[in-house]
Amino acid sequence: MDAKSIIVNIIVCIKQILDPEIPARDFRVEREKKEAVRGSANLVTNIFCENALETALQLREKSGGKITALTFGAEEAEDALRKALAMKADAAALVVNDGHPHPDPLAVAQTLAAAIRKIGAFDLVMLGRESGDWGVAQTGGLLAEELGAPCVSFVDHIEAGDDGLIVKRQTENGWEKLAAKPPLVVTVTNNEFNVPRIPKTRDIMMSARQPITKWTLEDIGVDSAQIRAGGDYYEVVDLAVPVKEVSCEFVSGDTLEQKVEKFAERVIEITRAL
Amino acid sequence: MSDIVICLFSGSGYDRVAQGVAGAGRRLADQFDGRLHAIIAGAHDPELIIRIASVADAVVTLDQKELAQYQPELSLNAITHICREIAPRAVLFGNDTYSQETAPRLAHRLGGAAAGDCLDLMTHDGAIRVKRSVYGGKAIATIELKRSPAVVWLRARAFEPVATNSASVTTVRQTRLDLQSDDRTRIIERKSEAAGASRLEDARVIVSGGRGLGGPEPFEDLQELAAMLGGQTAASRAACDSGWCPPSWQVGQTGKKVAPGLYIAVAIRGASQHMAGISDAQNIAAINIDADAPIFKNCRFGIVEDYRKVIPLLKEKLAALQK
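Think of each chain on its own: its residues are numbered from 1, step by step along the sequence as written. By the order in which they are written, chains take letters starting at A while ligands take numbers starting at 1. For this predicted model, a pLDDT threshold of at least 70 governs which residues receive local features, and a threshold of 80 or more governs which side-chain atom pairs are given and counted, while totals over whole chains, interfaces and linings are taken from all residues. Only hydrogens and water are removed before side-chain values are computed, so all heavy atoms of the structure are retained for them.

(A) Molecular detail of the packing of helix H4 (residues 139-147) of chain A against helix H4 (residues 97-110) of chain B. An axis is simply a line fitted to the C-alpha atoms; with a helix, the fit covers only the stretch in contact. Between two such axes, the angle follows the N-to-C directions and lies from 0 to 180 degrees. Strands here are runs of E lasting at least two residues and helices are runs of H or I lasting at least four, both read from the DSSP assignment and numbered beginning at the N terminus. At a minimum axis distance of 7 Å, the contact between H4 of chain A and H4 of chain B shows a crossing angle of 40°. It follows from the interaxial angle that H4 of chain A and H4 of chain B lie oblique. Here the hand of the crossing between H4 of chain A and H4 of chain B comes out right-handed. On H4 of chain B, the residues that touch Gly141, Leu142, Ala144, Glu145 and Glu146 of chain A of H4 of chain A are Pro104, Arg105, His108 and Arg109 of chain B. As a working rule, the residues Ala, Val, Leu, Ile, Met, Phe, Trp, Tyr, Cys and Pro are called nonpolar, Asp, Glu, Lys and Arg charged, and the rest polar, with Gly in that last group. Grouping the amino acids of the contact of H4 of chain A with H4 of chain B by side-chain chemistry returns 3 nonpolar, 2 polar and 4 charged. Should an angle fall under 35 degrees it is called roughly parallel, over 145 degrees roughly antiparallel, and 65 to 115 degrees roughly perpendicular, with every other angle called oblique. Should the near helix be turned anticlockwise from the far one by less than a right angle, the crossing is left-handed, and should it be turned clockwise, the crossing is right-handed. In this analysis, two residues are considered to be in contact whenever any of their non-hydrogen atoms come within 4.5 Å of each other.

Okay, here's the thing in structure tokens:
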């Protein structure tokens, strides 16, 4: 097989989340619903999903292929797909979630797997390593199992190799390179080279007119009652904002030298007690 | 269905992560009145086996040739096989790369349910519940796992070790599995950026730099400062994304979760995503030019000054005090 033509279909799964940049003082939860209050916060694409899309775009630039952005979310999640199209994904599909706002990870993986089977053949499915809201970090692994595909996590670079793909991923204190034969599922983490590109104005305008495939749960043939109820994998029984009070002591002194001296004394005092 | 499994990948010895997992496993097994099994996967580590054997009731080592070095598919197949034999109520992991990669897939294969990066583990009417930090550390969720086994990866340093009992009778079984080869993925190259250095997760002292440093050069100063304190150097996401330091240094919701005795944040504003990575630090100190930076809301002591002026003086003062 020609190395350059190994990658044909890339599916990048993306998730729209509550903007994680909202300051802690503006953050509230509804304990009854076990949900964060949206308030005036924006909905944004999860950053690792954008890192995944950027990694996919760089792979396509070198080795070709077609990138489909896929999301399972509320109607508003269409905005995240428009942004993916503006970044130059080739196609976009939305599975509309009209049920539980935060289905459990197995329900999400089963839905994504059904949508991917509906899209058809795939060589590479890419996801963010975790989301900035619930940070579950399981969708990639569960999706790989649903699809019967191997999985590599914490990936930050992919290139075509002699006999498949060369996948680089981060470990605790370095990295590993894997030779992988598609089809394959990877979860993507960030590095300095996959910072998401800023879409051009012209592409943003064009993305508004591009078609987005929309499916209901029934369209993709999943057990919709189960998924709508949020799944039976796990249940969030409580969501609370922790109360944390630490008062910072600003070191005092008339000169910088005195202040730094106090700071140094505190450092030594603490490190000696460790 | 009352036995508990702990699963460890060798390579870091009986470090604080292994101790935390072993401690959590022992307590959970005692609560369920079950046996504690340990699976140790990867290169043979006699010291680790001896220490784990003094906490667990049975140890299975997976160190045959094909498994001595981790391979995602083969290691998962082997661990799944052993777990099916044991049929545990729960399987506990640490929060290293291999554990996070393995746990959700193992849960799927065993018909169980997984939860990750857990800060606390408890039982409620016979069900297993975990607490985890969500929304970038702004909230804590309690989650009940509805399927069995519960497969949980722990923010291991949040869990107390247990005293080892060398008098206990533990069987150690070196398993040879007939594994079918799986060449769909294969690790072909490994590189450790800080050879010999201990993991950031295990550091007693961490000196960390952020966007305010303005470039890669100041990290040399931070490394010197960290070395003086017997600590390690880390960074915020902004600094890593700018390429000023390796991604393995990144601390925060999107990086490592660390728990040092002292964390010194230099020119880090302290956005909640960064704070999510250091919520288990015993003491946080900050050096920042902006008195309104959120980092000061979460630290024990701080200095409002330009780090460029502070760091050289601080090194001098520390050297004098350490004499």
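(B) Geometry of the pattern of salt bridges. Note on definitions: salt bridges are taken to be side-chain nitrogens of Lys or Arg within 4 Å of carboxyl oxygens of Asp or Glu. Scanning the entire structure with this criterion turns up 47 salt bridges over all chains. Of the charged contacts, one joins aspartate 202 of chain B and arginine 157 of chain B as a salt bridge, the two residues approaching to 3.5 Å between their closest N and O atoms. Note that aspartate 202 of chain B is positioned in the loop between strand E10 (185-192) and strand E11 (205-209) and arginine 157 of chain B in the loop between strand E8 (150-154) and strand E9 (171-174), a separation of 45 residues in sequence. A simple rule labels every residue: compare its accessible area, found with a 1.4 Å probe on the protein chains alone, to the largest value its type can have, and call it buried under 20%, exposed over 50%, or partly exposed in between. Taking relative accessible area as the criterion, arginine 157 of chain B reaches 25% and is therefore assigned partly exposed. Linking arginine 269 of chain B and aspartate 290 of chain B is a salt bridge whose minimum nitrogen-to-oxygen distance equals 2.9 Å. Of the two residues, arginine 269 of chain B is situated in the loop between strand E13 (262-266) and helix H7 (272-275) and aspartate 290 of chain B in the loop between strand E14 (284-288) and strand E15 (301-304); the sequence distance between them amounts to 21 residues. Classification of aspartate 290 of chain B by relative accessible area gives partly exposed; the value is 25%. Several salt bridges converge on common partners, so that one network encompasses Glu145 of chain A together with Glu73, Arg105, Arg109, Asp182 and Arg184 of chain B.

(C) Geometry of the environment of alanine 107 of chain A. Residue and element names in this part refer to chain A. Its location among the elements puts alanine 107 in helix H3 (residues 105-119). We classify alanine 107 as buried; its relative accessible area is 3%. Distance from alanine 107 to arginine 228, taken between C-alpha atoms, is 8.7 Å for residues 121 residues apart in sequence. Leaving out residues up to four positions away in the same chain, alanine 107 has contacts with Ile227, Gly230 and Gly231.

(D) Quick look at the packing of H3 of chain A against H4 of chain A. All names here are of chain A. Viewed as axis vectors pointing N to C, H3 and H4 meet at an angle of 50°, and their least axial separation amounts to 9 Å. Judged by the angle between their axes, H3 and H4 are oblique. Between H3 and H4 lies a crossing whose hand is right-handed. Residues Pro105, Leu106, Val108, Ala109, Gln110, Leu112, Ala113, Ile116 and Arg117 of H3 pack against Thr139, Leu142, Leu143, Glu146 and Leu147 of H4. Here the contact of H3 with H4 is composed, by residue class, of 10 nonpolar, 2 polar and 2 charged.

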